[in-house]
Amino acid sequence: MSLFKDKVVVITGGSDGIGKALVEMFLKMGAKVATCGRNYDKFYQLQQTNVSKPLLIQAADVSKELDCKNFIDKVIANYGTIDILINNAGVSMRALFADVELDTLKKVMDINFWGAVYCTKFCLPYITQNKGTIVGVSSIAGYRGLPGRTAYCASKFAVNGWLEALRTELLNTGVNVMWVCPGFTSSNIRNAALNSNGTSQGETTMDEGKMMTSEACATHIINAIEKKKRTLVLTFTGKRTVFMNKFFPALADKLTHNYFFKNGVLFK
Ligand SMILES: NC(=O)c1ccc[n+]([C@@H]2O[C@H](COP(=O)([O-])OP(=O)(O)OC[C@H]3O[C@@H](n4cnc5c(N)ncnc54)[C@H](OP(=O)(O)O)[C@@H]3O)[C@@H](O)[C@H]2O)c1
C-alpha cells in the first residue's frame, strides 16, 4: 500500500507543469489532494480529468494572504487536517534589472516567497500535529544568480534560507522541511514569465523538448518526500551549476553570462 494513501496533500499551483504532475501522481497513490491557482480554464481541465477523485480545487492567488488563509480553511473544512504541503506555485521573469519595473520585481517576490510563507504559516499547526512534511519548490536559481532573473533568483534564495531556518527550528518535532531545486523542466513557466512591465512573456526562448519532463520532476520530488530528504538538486546541468558556483564562482559568472547572452544581448 502507498505511504501516501489517505494522506492530505496540499499543492499550490497544481493546474499546470510540475504542480499538475504532482496532483495527478498523489491522486493515483490514494492521497486526498487540494490545490489552488488563478486561472479557471486550467482548473476546469484538471477537474474534468479527475472526476470522482478526492481533489479539492480553489481559486487563490498565493501572493494574497487572505486567499491563502481561505484556501487552507477550506482544506481543513473538507479534509480535517493536512499532512504534506508543497509550496509549488511560482512565476519566473525575463528582463534586465536596468529595464525592469520595480513592481514586477515585487510581484515575483510576492508570489514565490511570500506565497510560500503564507501557506506554510496557515498549514503549520496541522503538519506539526501529524509530523508531516513541508516542501518548497525552489530552483537552481536559488543557488546561482541568473541574468534577466534577478527577482526570481532573489525569491528562490529567500525560500532556501527561510526553509533552512524553519527546518532547524523544527528539527526535533518530527516535521521534515525540504527544498527542492529543479533544473530546466518542460512546463508553462517560460511562457508565463513576466517581462519588464510585469506581463506574461507569452513565448519560450528555450527548447522545451530537451528538458526534464514535469512528470519526471514530480517523481523525484515524491521519492524525496518519502525518504525525508533535506534538499534535492535536479538534472546534470543543475548539479554541475551548483558545484561550479560553490567551488569556482568567478568562472561560473563567465560561463553563466556566456550561456544567457549572445553578442551582449540577453537571448534566453
Ligand atoms: N520549469 C522549470 O524549468 C523550473 C525550474 C526550477 C524551478 N521551477 C519551479 O517549479 C515551480 C512550478 O513551476 P512550473 O515550471 O510547473 O510552472 P508552470 O507550468 O508555469 O506552473 C505554475 C503553476 O503555478 C500557478 N501559479 C502561478 N502564480 C500563482 C499565484 N500567484 N497564485 C497561485 N498559483 C499560481 C499556475 O497557475 P495560474 O497561472 O493559473 O495561477 C500554475 O498552476 C515554480 O515554483 C518554479 O519556480 C521550475
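Residues numbered from 1 in each chain as written. Predicted model: local features only at pLDDT ≥ 70, side-chain atom pairs only at ≥ 80, totals over all residues. Heavy atoms only, no water.

So, the pairing of strand E3 (residues 55-59)
Looking along a regular strand, one sees the side chains alternate between the two faces of the sheet.
Alright, step 1. The element E3 is extensively covered by neighbouring structure, given that four of its five residues are classed as buried.
Alright, step 2. Alignment of strand E2 (residues 32-37) against E3, held across five bridges, turns out to be parallel. By the bridge assignment for E3, Cys36 is matched with Gln58.
Alright, step 3. Each parallel crossover has a hand, and the one from E2 via helix H2 (residues 40-48) to E3 is right-handed. (Buried < 20%, exposed > 50% of the residue type's maximum accessible area, 1.4 Å probe, protein only. Helix = DSSP H or I, 4+ residues; strand = E, 2+ residues; numbered from the N terminus. Pairing = 2+ DSSP bridges. Right-handed = clockwise from strand over helix to strand, strands pointing away.)

Notes on the environment of Gly17
Alright, step 1. Assignment of secondary structure puts Gly17 in helix H1 (residues 17-28).
Alright, step 2. As a C-alpha pair, Gly17 and Ser214 span 197 residues in sequence and 5.6 Å in three-dimensional space.

Some details on the state of the cysteines
Alright, step 1. Per the stated rule, a full pass over the model turns up zero disulfides.
Alright, step 2. Of all cysteine sulfurs in the structure, the one in Cys181 sits closest to Cys153, which takes part in no disulfide; the separation is 12 Å.
Alright, step 3. The exposure class of Cys153 is buried, given its relative accessible area of 6%.
Alright, step 4. In this structure Cys217 is not part of a disulfide, and its nearest cysteine sulfur, from Cys181, lies 10 Å away.
Alright, step 5. The exposure class of Cys217 is buried, given its relative accessible area of 0%. (Disulfide = S-S within 2.5 Å.)

Some details on the site of the ligand
Alright, step 1. Residues in close proximity to the ligand total 30 residues, the closest being Ser15, Arg38, Asn88, Tyr152 and Ser187.
Alright, step 2. A distance of 3.2 Å is found between an oxygen atom of the ligand and a backbone nitrogen or oxygen belonging to Gly13.
Alright, step 3. One of the side-chain nitrogen or oxygen atoms of Ser187 is found 2.5 Å away from an oxygen atom of the ligand.
Alright, step 4. Out of a free accessible area of 880 Å², the ligand has 96% covered by protein chains.
Alright, step 5. Broken down by secondary-structure element, the contributors of at least two residues to the shell around the ligand are H1, helix H5 (150-169) and helix H6 (189-192).
Alright, step 6. Split into classes, the residues belonging to the shell around the ligand amount to 10 nonpolar, 14 polar and six charged. (Near = heavy atom within 4 Å. Polar contact = N/O pair within 3.5 Å; in protein donor to acceptor, adjacent residues only side chain to side chain. Areas by Shrake-Rupley, 256 points an atom, 1.4 Å probe, with all protein chains shown as cover. Nonpolar A, V, L, I, M, F, W, Y, C, P; charged D, E, K, R; others polar.)

So far we have only geometry, and geometry alone does not tell us how the molecule works.
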